[in-house]
Amino acid sequence: MPAPTQLFPLIRNCEIGRIYNTVCYCHHKHLCCLSPHLAHNHLRCAPQKKLATLCPKENFHQFIHARSYVSTPQRFYLTPPQVNSILKANEYSFKVPEFDGKNVSSILGFDSNQLPANAPIEDRRSAATCLQTRGMLLGVFDGHAGCACSQAVSERLFYYIAVSLLPHETLLEIENAVESGRALLPILQWHKHPNDYFSKEASKLYFNSLRTYWQELIDLNTGETTDVKEALINAFKRLDNDISLEAQVGDPNSFLNYLVLRVAFSGATACVAHVDGVDLHIANTGDSRAMLGVQEEDGSWSAVTLSYDHNAQNESEIERVKLEHPKSEEKSVVKQDRLLGLLMPFRAFGDVKFKWSIELQKRVIESGPDQLNDNEYTKFIPPNYHTPPYLTAEPEVIHHKLRPQDKFLVLATDGLWETMHRQDVVRIVGEYLTGVHHQQPIAVGGYKVTLGQMHGLLTERRARISSVFKDQNAATHLIRHAVGNNEFGAVDHERLSKMLSLPEELARMYRDDITIIVVQFNSHIVGACQNEDF
Amino acid sequence: MFLRLLSDVQWRTASRSWRSTSSSRHVTTSAAEPPPVSLPAQAQVVICGGGIVGTSVAYHLSKLGWRDIVLLEQGRLAAGSTRFCAGIVSTVRHLSIELKMADYSNKLYQQLEQETGIKTGYVKTGSISLAQTQDRLISLKRIASRLSVMGIPCEIMAPKQVAQLHPLINIHDLVGAMYVPEDAVVSSVDVSLALANAASRNGVQIHEQTSISHVMVQKGCVTGVETDRGQIECQYFVNCAGQWAYELGLSNEEPVSIPLHGCEHFYLLTRALKKPLESNTPTIVDPDGRIYIRSWQGGILSGGFEKNPKPIFTEGRNQLEIQNLHEDWDHFEPLLSSLLRRMPGLEALEIMQLVNCPESFTPDMRCILGESPTVQGYFVLAGMNSAGTSFGGGAGRYLAEWMVNGCPSENVWPLDLKRFGALQSSRTFLRHRVMEVMPLIYDLKVPRWDFQTGRQLRTSPLYDRLDAQGARWMEKHGFERPKYFVPPGKDLLSLDQSKTFYKPDWFDIVGSEVKCCKEAVCVIDMSSFTKFEISSTGDQALEVLQYLFSNDLDVPVGHIVHTGMLNEVGGYENDCSIARLNKRSFFMISPTDQQVHCWAWLKKHMPNDSNLLLEDVTWKYTALNLIGPRAVDVLSELSYVPMTPEHFPSLFCKEMSVGYANGIRVMSMTHTGEPGFMLYIPIEYALHVYNELMSVGQKYGIRNAGYYALRSLRIEKFFAFWGQDLDTFTTPLECGREFRVKLDKGTDFIGRDALMQQKQDGVCKRFTMFILEDHDTDLDLWPWWGEPIYRNGHYVGETTSSAYSYTLERHVCLGFVQNLDEETREAVVVTPDFINRGEYEIDIAGQRFQAKAKLYPFSSLFTQRRRKDEMELSGYHGK
């Protein structure tokens, strides 16, 4: 049993049962067989059973008892500052700069954050402002079977989208600049946390693929103005295609060769928002989700979902997948709520195991580097694999016209949505964002105020802000609730500290990577734009 | 570059509303409205700062006969923190010296109006300190027993009596209170103006609107100041710049480190009550509620020291921060709640203003007074920890005495600037520390609390090793020292719960460490000691040491001498051990907090001779105290050298190898009277030697021990410790150390004449050891220090330290006994006979315990040990 000893000082016997109960069904993996705790040679087993046999409750208890002598009570909790330093390690905020004291963008800014459960984290996030067209792009990417694919998508997808949106003249201009070695027009301005990196080694390769794409766009010149929805779909499909091609062609550089193969053999979902004035487009592939926070006239909050999950909980997705394959495969194509009994999201980037023919897979693996050959997973062919491809990266795009009551948008990976109801998410963010603004200092300044009145006022203010304690970042605030909420919906420090002190090897059993972007809209501008439109 | 006018305009406009509503000021004196005269070209003394502290220094200097004094104020007199001061003068203080300062201030302010004709707003209101808990009441009782021996009336009273003294107070949650009827309130602005007025009548020149950019220093001496209105040459400079003292200190070429940091401080002013509150209504201090409340113009003035203070001016004077000093009601909310709980009747009272006045705080909650160790003639009085009014008078007096007479009339070491070094000057350290210090003002002060912030600054190379073995740490002069070691499996109370005036939770842990020291062998990491090396090419080192120290240092190489470093009146400036390494170099070990003071004293008295070298080697050595009867065995096994007393007699120092490490200085002394050795190990060998000691020592039962065990051992052996028992007013004759003074060693030494005289006249106080007789360790309050000693029912002195003796199974207190003449209250000669023929009692928080007095340690009680050595060994360290 590979249970690490560090866990035991952290969890009292009584808690184990409670936490354990939530483990098995609460936190499934996209691709169950890749759970880091499971030996590679158990691929064919059903995932839940796998987990269940791994840590039956009784055994766990006995084990704890047997080792309880090592527990030292001082090690039990993380202090609030320690908790904060963990929660805030990846937080990032961006405020749209103002011109002339005015912010003319429909976006005020965004807060983002992520909390790892996998080591290293498999989620990625991106945010950038389009420089050659209007609008801002924001996206969350949930990787599986490693982080290679999500990393690549987080670096590349926005360029594909931006290029798809560019008018013909700009594309020509860019191509001419590259051709003649002139400085390139910047296409995107990235808003990155220092931990969000780009791989330097592959940039040339990625650039060449991108260039091929815009050259084709130039050749195709339709003369029509670009439709955002179409651009998003094209960009998604094109990038996935490039990932697949790069892996098939390979690269003379052995490091790059291995990289492109890892990208192709791992997978990633993507949920991307494009905001331009009042036009909000959400392109989604996989089971991340975009949620709009709407403030009703009475001040209450309601959630509007702006994406469809591509998984077994979505009837029409099951329908779609089944229709794409012969009747004979009807039973095998979706099994145990997974694609071919293996994959949780029904759409994803990469994952060529679900896209390539068996021959192609074998050929690439055999000619590939040794590391690939030694990997049991890559060699393994999914069961009932008859009519590939089974998987697509094509997104579903939803268009929404922003209204003044649309206050914010939450983009998050399934790590958030499986722990929290969407309604709670929207309420917590909404109250957080408005609470922050209610914090004006008070001054007596010439009014007749008694001590009693002042006291009443202050007590009320205190009660209102106590729940908003310490977080400067809406995404951090949300993570704090997602991880630390007790049954009453309030943050329980003890629980939070316990969840965060789980050792790397176990964290993944109790929660998934969580990545959140909260975009705040500028109601004044949205209101003004709306009036112009009509 | 910095002390640019702190926008005087800003201050005045910002505070106008307050000024107009406060009592009409008498701005009639010449001091407050100086004609725009030019600055003098030179003066004997330049004082920077026209607050209550600066004016008090000027006042007292002029009283002592100095006339050539210039006081410079960048804005207006009394316009800084002094203006916003709550004006409470209270003698309710924990430290004797603070208590004396406050008492003197009170008496000074009382007669100031008569002396100067300026109204000072002095009203003798009395103060009531409330206790919401039993522990708080104990704390008050401890203060009460000290106040009463000083002749300051005070009374511990029941809640009901409190209600009779104050019309508004809610007493339902109180367990008791202390009433000090002579405490007072003043208008601190008017007190400063009165002091300034009296000073200027005595010839002090006062210049407002004059700011000092820096102090000019040459060859380590003050030569003048540079102001925005020209230079002034001067011999002495006094930095009373309050909040800005830190920056002013650093602005010199030779910086003077004055560790203080500002925090915002809030108090509330209200309009008058319907039935205006009498001006002589007692001031209420509710430390458990963190607030004070005084009557103010028929209404109240109430502020406090919140748990989450807001430090300010971390990056120095900042215009933006000054402008942003707004009322912060949300921050004040806990204090307001506390106020309304204490006086619910105030609900309907109308608010006038919430005043935000930054105060400066120091790293140990005591003010900073004294001369800079680096610049001669540079004096400092600042960092009043928001007690400027209470201490201003007394502290000003002590500083003036220091400047005029060369030393103050009381022991001010607890306030001395030299207790700090540059190491306490980090802004980050100060910012973090003052955030702990400010709430501490109203926190319960229990024995042996340690600061929690600004820790782990200086550590021994063994720190991690010891920490992993359960060490709990205390800090001295920035250095982490182990208190005791919590054995595996055993758990202590959390910090908050461990606060007690009774038997502490570590009692058994320390007991077993002591037992191990007595029966086997223990290692105590004592690396924090200050270590100097003095060497010369010729005999200069010996000559200077012979002049500075009272014992004879012309001993054979390898001998260790315990000796005092005395001042002119024969008092201990330092108490140290000096080993003669060779004919021309000496190794000197002194208490940890002597690092700055001792260095300054040596530098001041050493001739400027390039052949004489003084080096601070504190950081070069890790010191391990190997203590206990089996220490000999452990060490001889590690060195293959016989360590028995025949080969290695007591008080010897040899360089030898321990394990693989060579050149370890081994000294046969332990600072406790127990057998054993001190090992001075070059730090790179520290871990090796420690590991070797522990592994070889295993079969002898070796274990780690901490300072609490050390303290218990040294106190039961009647060893005095400098800084705790000994001070600059204690002579060797008064603590039974005549044998360490060689009056006829052939050379003169500082303090010799005074000691000769005292030898002839006899001593007026005598260091005595008390064994508590009817004290129940489990149930009674523990002694700490500062408890009054009664002889035949009469007060004769105070204890200076105490510890539980695990050998005697009794508490032992050390302290000084005086013989106060019954009529004149003057101290007359104390004879051994006087000590021996008395019935003693020690007063612990109002409860008296019988005690047996002893002038000599129990040698017979402790097994058959080398008796002679016990007298020779010294302990001057370990709290």
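- In the annotation of an unreviewed UniProt entry, chain B is listed under the name Pyruvate dehydrogenase phosphatase regulatory subunit, mitochondrial and assigned to Gopherus evgoodei.
- Comment text from UniProt for chain B, heading Subunit (unreviewed entry), reads "Heterodimer of a catalytic (PDP1) and a regulatory (PDPR) subunit."
- Under Function (unreviewed entry), UniProt gives the following word-for-word description of chain B: "Decreases the sensitivity of PDP1 to magnesium ions, and this inhibition is reversed by the polyamine spermine."

- Going by the annotation in an unreviewed UniProt entry, the name recorded for chain A is [Pyruvate dehydrogenase [acetyl-transferring]]-phosphatase 1, mitochondrial, with Gopherus evgoodei given as the source organism.
- UniProt annotates chain A under Function (unreviewed entry) with the comment "Mitochondrial enzyme that catalyzes the dephosphorylation and concomitant reactivation of the alpha subunit of the E1 component of the pyruvate dehydrogenase complex (PDC), thereby stimulating the conversion of pyruvate into acetyl-CoA."
- Its UniProt record gives chain A a comment under Sequence similarities (unreviewed entry), which states: "Belongs to the PP2C family."

**Quick notes on the overall build of chain A**
Reasoning step 1: Of the regular secondary structure elements, chain A holds 22 helices and 15 strands.
Reasoning step 2: Looking at chain A as a whole, 54% of its 534 residues qualify as buried.
Reasoning step 3: Look at the contacts in chain A between residues 6 or more apart in sequence, and 76% of them connect residues 24 or more apart.
Reasoning step 4: As displayed, chain A has an accessible area near 24,100 Å², and 53% of this comes from carbon and sulfur atoms.

**Some words on the confidence of the model for chain A**
Reasoning step 1: Per-chain confidence: chain A averages 80 in pLDDT, with 79% of residues scoring 70 or above.
Reasoning step 2: Scored below 50 in pLDDT, residues 1-75 of chain A makes 118 contacts in the model with residues more than four places away or belonging to other chains.

**Topic: helix 8 (residues 203-220) of chain A**
Along an α-helix, residues three or four positions apart point the same way, because every turn accommodates 3.6 residues.
Residue and element names in this part refer to chain A.
Reasoning step 1: Between its first and last C-alpha, helix 8 extends 25 Å over 18 residues, near the 26 Å set by a 1.5 Å rise per residue.
Reasoning step 2: Looking only at helix 8, the buried set comprises Leu 205, Tyr 206, Ser 209, Leu 210, Arg 211, Tyr 213, Trp 214 and Ile 218.
Reasoning step 3: Among the structural elements, helix 6 (148-165), helix 7 (168-179), helix 9 (228-249) and helix 10 (254-265) are those in contact with the buried residues of helix 8.

**Brief notes about the sheet that holds strand 27 (residues 572-582) of chain B**
All names here are of chain B.
Reasoning step 1: Ordered by their spatial adjacency, five strands build an open sheet running 26-27-28-25-29, and the pairing between neighbours is antiparallel. Of all strands in the sheet, those with a lone pairing partner are strand 26 (560-566) and strand 29 (612-616), marking the two edges. With strand direction ignored, the average angle separating the axes of adjacent strands in the sheet is 25°.
Reasoning step 2: Relative to strand 29, strand 25 (residues 530-536) runs antiparallel, the two being bridged by five bridges. If you follow Phe 532 over to strand 29, its bridge partner there is Asp 616.
Reasoning step 3: Docked against the sheet, helix 14 (residues 540-548) engages strand 25, strand 26, strand 27, strand 28 (585-590) and strand 29, running at close to 130° with respect to strand 25.

**Section: a negative patch on the surface**
All names here are of chain B.
Reasoning step 1: On the surface, Asp 821, Glu 822, Glu 823 and Glu 826 cluster together into a negatively charged patch.
Reasoning step 2: Within the secondary structure, Glu 826 sits in the loop between strand 38 (810-820) and strand 39 (827-828).
Reasoning step 3: When its relative accessible area of 54% is taken as the criterion, Glu 826 is described as exposed.

**What about the sheet that holds strand 34 (residues 703-704) of chain B?**
Residues and elements named next belong to chain B.
Reasoning step 1: The six strands are arranged 31-32-33-30-24-34 in an open sheet whose pairing can be described as mixed. The open sheet has two free edges, formed respectively by strand 31 (653-658) and strand 34, since each of these has just one partner strand.
Reasoning step 2: As paired elements, strand 32 (residues 661-667) and strand 33 (residues 676-682) share three bridges and run antiparallel to each other. Its bridge partner being in strand 33, Val 666 is matched across the sheet by Leu 679.

Rules and cut-offs
- Residues numbered from 1 in each chain as written.
- Chains lettered and ligands numbered in written order.
- Predicted model: local features only at pLDDT ≥ 70, side-chain atom pairs only at ≥ 80, totals over all residues.
- Heavy atoms only, no water.
- UniProt positions renumbered as here; feature names shortened; annotations may be inferred.
- Helix = DSSP H or I, 4+ residues; strand = E, 2+ residues; numbered from the N terminus.
- Buried < 20%, exposed > 50% of the residue type's maximum accessible area, 1.4 Å probe, protein only.
- Contact = heavy atoms within 4.5 Å.
- Areas by Shrake-Rupley, 256 points an atom, 1.4 Å probe, with all protein chains shown as cover.
- pLDDT = per-residue confidence, 0-100.
- Expected span 1.5 Å × (residues − 1).
- Pairing = 2+ DSSP bridges.
- Axes fitted to C-alpha atoms, helices over the stretch in contact; angles between N-to-C directions.
- Patch = residues over 30% accessible without salt bridge, like charges linked within 9 Å, V, L, I, M, F, W, Y side chains within 5 Å.
- Salt bridge = Lys/Arg side-chain N within 4 Å of Asp/Glu carboxyl O.
- Lys, Arg positive; Asp, Glu negative; His and termini not counted.
- Charge placed at Lys NZ, Arg CZ, Asp CG, Glu CD.

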